[in-house]
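# Secondary and tertiary structure notes
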Amino acid sequence: MQTKRKIIILNILLFAGIHLLFAQDSTLMGTSIKWDLVKCIDYAKKNNIQINSYRLSQLTSQQQYLLAKAARLPNLSGSATQDFEHANTGNIKGGTGSGFTASGNYNLNSSVTLYNGNLINNTITQANLSVQAATLSILKQENDISLQVTQAYLTVLLDKENIVYDTELVTTAQAQVKQEQQMYKVGSVARSALIQLQAQLATDKYTLVNAKNAERGDLLTLKQLLLLLNDVNFDIVKPDTIVPIDSVAIFHDAEQSALKNFPDVKIGVLGVKTAQYGVDIARAGYKPSLTAGGSLNSGYVTGQGSFPGQLNSNFNQQLGLNLAVPIFTKRVVKTQVEEAKIAVDQAQLNLKNTTITLSQTVERAYINVENAKSQYEAALEEYNYNKESYRIATEQLKVGVANIVAFLLQKTLFVQAQQAFIQAKYNELLTLKIYDFYRGVPIKL
């Protein structure tokens, strides 16, 4: 279970596209930090590359929304042309000559859409929905990174507790070997019994080394998930106690809370609405459009009067209306409408799939927490019995009445029960936090 969990975390890091060089916080360079789970989650939400990418997408959506609103306004453009001409000229006496002429034209043009089948209003509404969807996409990604950080954080906590228990085993084994050596010197035990205890001590030390290596590796995984600098000395805060589960909230309540509040479903709903407005936008192609336009223009030519006088005499104004009625569009509009309808059907399928998937995910989380609760209770009972048996065997070893083979067997059973208990405890905690998260409970220890 622990190995699978590590593989999952590493895969998440790979597919999330995390690149340390682009998102490291230079303010933490060369520092030593020790964070709790809430701090880790908050930092990840702020610095995660995918989340920041979604934030940029949201800004782009906002610009598109502003652009759509600006379509209601009239446009205004100006133009100016200035020409210079040189030409040869003749006279009545047969002589020749040459001369320069200059001319210019100056224009201001403006137009505004009065009616276009409600295209502008529908486009504005659709763009606004896109902004809302972009905002919800940020929240969805924040939810995903929160679960990833929680899983990585609890894996490190599991490693730390393993180290505590394994250290106690090594300390106990060292004391047992020391006692056995004293008994061997006075001839109370056989050399084989001493060697077996020494071999067991070596095994316990090896297990402790592996536990420390696992913590180092899993701590690095969490550190990379947070995009911390390489030279940051990072560690986590270990809670004083971990309270086992008393009861599990009803699945139906958790499911309804997730369906109502999680951004996944809301994004799907907005997708359907966006597609429906796409149909209205496409249908605007069937309707006439009416625009109003106006222009101001003037010009001058050298030799025909003063420059100001020509501008005044040549100044003219124009106002007009333009009505465009689509009659035959070679099926372009019809195709656009049909494609928009297909997009609505696809959006509805996506929403249905999202709803089903989220419901199944919550149900799986509920089953996981129920199973974890049962496993923890069974593992705790097994651990307590084996712990007592190991204590008795240890006392018998001290007074020299224990069979070394039976003692080592009992110790093996105790170590296995201990590992199962630790794993079950943190698995229960992880599944509970995930299930509560879908219920709307913030993740914290």
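Scroll up a little and you will see the structure.
Now for a quick tour of the structure. All of these numbers come straight from a predicted model, not from anything done at the bench.

Take the pattern of salt bridges next. Counting across every chain of the model gives eleven salt bridges. The partner of arginine 55 in a salt bridge is glutamate 142, with the nearest N and O atoms 3.3 Å apart. Of this pair, arginine 55 sits in helix α3 (residues 49–70) while glutamate 142 is found in helix α4 (residues 119–185), placing the two residues 87 residues apart along the sequence. Where arginine 439 meets aspartate 436, a salt bridge forms, and the shortest distance between an N and an O atom there is 2.6 Å. With relative accessibility at 15%, the residue aspartate 436 sits in the buried group. Sharing partners across several salt bridges, the network here consists of Lys160, Glu215 and Asp235.

Moving on to the packing of helix α2 (residues 37–47) against α4. The contact between α2 and α4 brings their axes to 9 Å, and the two run at 140°. By the angle between their axes, α2 is oblique relative to α4. With respect to the hand of their crossing, α2 and α4 are arranged in right-handed fashion. Facing Leu37, Cys40, Ile41, Ala44 and Lys45 of α2, the residues of α4 in contact are Glu142, Ile145, Ser146, Val149, Thr150 and Tyr153. Here the contact of α2 with α4 is built from residues that sort into seven nonpolar, two polar and two charged.

Evaluation of the coordinates by the stated rule reveals 14 aromatic pairs. Considering the side-chain rings of tyrosine 165 and tyrosine 383, the 6.4 Å spacing of their centres and the 90° angle between planes classify their relative orientation as edge-to-face. With a gap of 218 residues between them, tyrosine 165 in helix α4 and tyrosine 383 in helix α9 (residues 332–398) connect regions that are remote in the sequence. Residues tyrosine 165 and tyrosine 383 agree in their burial class; the two are buried. Plain terms: the ring middles of tyrosine 383 and phenylalanine 414 are 5.9 Å apart, the flat faces sit at 25° to each other, and that makes the pair stacked. Here the residue tyrosine 383 occupies a position in helix α9, and phenylalanine 414 occupies one in helix α10 (residues 404–438), the gap between them amounting to 31 residues.

Rules used in this analysis
Residues numbered from 1 in each chain as written. Predicted model: local features only at pLDDT ≥ 70, side-chain atom pairs only at ≥ 80, totals over all residues. Heavy atoms only, no water. Salt bridge = Lys/Arg side-chain N within 4 Å of Asp/Glu carboxyl O. Helix = DSSP H or I, 4+ residues; strand = E, 2+ residues; numbered from the N terminus. Buried < 20%, exposed > 50% of the residue type's maximum accessible area, 1.4 Å probe, protein only. Axes fitted to C-alpha atoms, helices over the stretch in contact; angles between N-to-C directions. Parallel < 35°, antiparallel > 145°, perpendicular 65-115°, else oblique. Left-handed = near helix turned anticlockwise from the far one by under 90°. Contact = heavy atoms within 4.5 Å. Nonpolar A, V, L, I, M, F, W, Y, C, P; charged D, E, K, R; others polar. Phe/Tyr/Trp six-rings, centres within 6.5 Å; stacked < 30°, edge-to-face > 60°.

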